Amino acid sequence: MSEIRKSRAELAIDKKAVFGPDVDLIQYGVPAEDASDGLNLETLTHEDRAQIIHSGVDLDDQNRAGTFLQADHRIVHCAVKQPGLEVLPMATALDEHPWLEELYWQAVPVDADKYTAQAELHFQNGYFIRARAGQHVTTPIQACLYMTHDKSAQNVHNVIIAEEGSELNIITGCTTAPRLQSGLHIGISEFYVKRGAKLTFTMIHDWAEDVVVRPRSGIVVEEDGLFLSNYVSLKPVRSLQMYPTARLTGPGAVARFHSILAAPPGCELDTGARVLLEASHTRAEIISRTITTGGTIRARGHLVGLKPDVKAHLECHGLILADEGVIHAIPELEGHKAGVEMSHEAAVGKIDEEEIEYLMARGLTEEEATATIVRGFLNVQIEGLPPELQAEVDRAIEESEKSML
Amino acid sequence: MLEVNDLWVDVNGKQVLKGVDLNIPSGETHILFGKNGSGKSSLLMTVMGFRRYKIRQGRICFKGEDITRMPIDKRARMGIGLAFQKPPGIRGVKTRDIFNVCNTNEVSCNALAEKFEFSELLERELNVGFSGGEMKKSELLQLLLQDPDFVMLDEPESGVDLENLDILGKAINKLLQKHLWRTRAKSGLVISHLGFILNYIDADAGYVLMDGHIHCRGNPRELFKGIQRHGYRECVECQR
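Residues numbered from 1 in each chain as written. Chains lettered and ligands numbered in written order. Predicted model: local features only at pLDDT ≥ 70, side-chain atom pairs only at ≥ 80, totals over all residues.

Novice: I'd like to hear about the overall build of chain B, residue by residue, with values.
Specialist: For chain B, the count of helices and strands is 7 helices and 12 strands. Its C-alpha radius of gyration of 17 Å places chain B within 12% of the 18 Å reference for a compact globule of 240 residues. Taken over 240 residues, chain B has a buried fraction of 45%. Contacts spanning at least 24 positions in sequence make up 70% of the contacts within chain B whose residues lie at least 6 apart. (Helix = DSSP H or I, 4+ residues; strand = E, 2+ residues; numbered from the N terminus. Rg over C-alpha atoms; globule rule 2.2 N^0.38 Å. Buried ≥ 20, exposed ≤ 12 C-beta atoms within 10 Å, placed from the backbone. Contact = placed C-beta atoms within 7 Å.)

Below, the structure is given as structure tokens:
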């Protein structure tokens, strides 16, 4: 099976992605095997520790059910604190669970584009997280993918499984060492939400200015399952393109995607989500709040209603804070049956002067009033998100605010 | 407290105020009557400093200082407060957070909200989905927290039901220190379209603003009676 996968990947290694600027993979090398040998929590430099903590990772594992930390291709820390929960490096998981082969690359095609192909051909681990059937892991599990080598590529493959009736809350912080200027991050993430399970995935990106990021995510949600995704990227990054696709395969399945994005000058973000409502009584929601202070954002969303009695809503709101900035909202609704209920709203513009002046009449300076309005705009209260994770999202927004404005 | 001299103002190239003069001494409340579109709100917005209102001529002085070119926030911090007729909704910003911004005297927001039956709205987004009465209440409570020396109210009674008018009347009286007599320092300029507010506050003077000019200064109750009987046009032609 892996041979077939490999040959499919080899055929796709030059295949350009449908969206986003093309990346020359040869420009990014793979760090030498021993480049980060001997790395563990104790040997991390003060600088690295500070950066990882800044991305939302608690290095003391406090209030975390499990932790996974990978620097470049090396596993720095992998720990589990709750029974019924598995957190493993992907290579170990593939060895320990032969059945995983059946799921591996099922939610994301290995030959989707050159990035999926590279992740297969130059596999550099990643994480495997699984909640066993009926286990409610309400305390968040944290994962961090950290890049330390300049001009290198990190190719990881993650699989997350919430077994029947289980609950998982994951927070991932992806970041780069302060000394790193450029790099390529390819992250394949496959999510399997089984019958009646709930999976919350919160991802906070904090890259260096010249980093190129190509996540490729696929989600399969079974009957009465719930998948909740929260994505926050407020720091400069040269180019980010992703378009996760969720398939709602069982009746009553729900997927919600919330993104909070900011594009400073020189930054190009092409993001969104697609949901295929393949069973009746499924529901989907895609909400994005985007801000440009000079960069370009393409905020996509695509809802595909394939069965009657499905409900879906798409919302793209963009705020342009600098004349050089561009926000292109591309909402798509595709209904294939009578009885689908799908809607969208999109709005792109500048801050209403009246709102700024209203707050100034309460004594705020113009800068304070603008910051208050921007913070409010980004303040998406996500239904069903555990308070600890909402706090992390709020913290990321608060920290980015000063540099953003 | 507030002196406006020969004020000429344009909005989007249209003249809305044409030589307005006003003098509101410390401790006094004045009422401004006028038809829709007569320039009443424009006058308040200009005194507050809104940029859309371009001052072509004239001067605004507050507490003896020329504030004609002063930014809005500085005017607010000097002690000018405005309750908007239709405040904008601010998405994602909790009403409580703006109450805290306004709270200059460390008053308990919870206690104040409870007193004015506003507690449930504190956690809601500011002015988003508020009814007319809720908006007015929110505006007045913000001013109570801000505690300005000069209070401007833009049609505080519009869209408010009778039950809430009484509550709002109490809030306005508190704002304008109507319980004090000799030591009252707060002043106010209140726009009233329907005149209901006269049942709740004692005002010292009234004017009619029409076509950008102030006409007919006098006792506010008598003025309002005149307007009710003869309409604004007659009232202006009378030129007392």
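Text resumes after the structure shown.
Novice: Outline the interface of chain B and chain A, listing residues and values.
Specialist: With 20 residues of chain B in contact, the opposing surface of chain A contributes 16 residues. Across the side of chain B that touches chain A, the residue classes break down as 13 nonpolar, 3 polar and 4 charged. (Nonpolar A, V, L, I, M, F, W, Y, C, P; charged D, E, K, R; others polar.)

Novice: Can you tell me about the sheet that holds strand β12 (residues 213–218) of chain B, naming the residues and giving the values?
Specialist: Sheet strands pair via backbone hydrogen bonds, and the direction of the pair is either parallel or antiparallel. All names here are of chain B. Pairing is mixed across the open sheet formed by 6 strands, whose spatial order is β6-β9-β10-β3-β11-β12. Two strands lie at the open edges of the sheet, namely β6 (80–83) and β12, each paired on one side alone. Each neighbouring strand pair of the sheet contributes to a mean axis angle of 20 degrees, computed without reference to strand direction. As judged from the 4 bridges shared by strand β11 (residues 205–210) and β12, these two strands associate in the antiparallel manner. Bridge assignment links G206 to a residue of β12, and that residue is G218. Sheet strands touched by helix α1 (residues 40–48): β3 (29–33), β6, β9 (150–154), β10 (187–192) and β11. Its angle to β9, the strand with the most contacts, is close to 145 degrees. (Pairing = 2+ DSSP bridges. Axes fitted to C-alpha atoms, helices over the stretch in contact; angles between N-to-C directions.)

Novice: Quick rundown of the pairing of strand β13 (residues 245–248) of chain A? Include the residues and the values.
Specialist: All names here are of chain A. Inspection of the sheet shows strand β10 (residues 210–221) paired to β13 by 4 bridges, in the parallel sense. Within the sheet, the bridge partner assigned to G218 lies in β13 and is T245. Note that β13 and strand β16 (residues 274–277) share 4 bridges and pair parallel. Paired with R247 across the strands is L276, a residue of β16.

Novice: With reference to specific residues and values, describe the nonpolar core.
Specialist: By size, the foremost hydrophobic cluster in this structure holds 193 residues, and its most contacted members are A:V193, A:F227, A:L248, A:A255, A:V275 and B:M48. What A:F227 contacts, discounting residues up to four positions off in sequence, is A:F191, A:V193, A:L199, A:I219, A:V221, A:A246 and A:A255. (Core = buried A, V, L, I, M, F, W, Y, C linked by C-beta atoms within 7 Å.)

Novice: Go over helix α3 (residues 95–102) of chain B, please, and point to the residues and values.
Specialist: All names here are of chain B. Of all the residues in α3, the buried ones are T95, I98, F99 and C102. When α3 is viewed along its axis, its buried side chains cluster within an angular range of 105 degrees and face the same direction. Tucked inside the fold, the buried residues of α3 contact β7 (90–94), α4 (109–115), β8 (125–126) and α5 (132–146). (Arc of directions from axis to C-beta.)

Novice: Outline the pairing of β3(B), listing residues and values.
Specialist: Residue and element names in this part refer to chain B. Counting buried positions over the 5 residues of β3 gives 5, a clear majority of the element. Residue alternation in β3 divides its side chains into two sets, T29, I31 and F33 and H30 and L32, and both sets are buried. In this structure, β3 lies alongside β10, joined through 5 bridges in parallel fashion. Bridging from a neighbouring strand, T29 pairs with G188 of β10. Sheet topology note: the β3/β11 ladder contains 4 bridges and is parallel. Within β11, the position partnered with F33 by the bridge is V208.

Bear in mind that shape data such as this cannot, by itself, settle questions of function.
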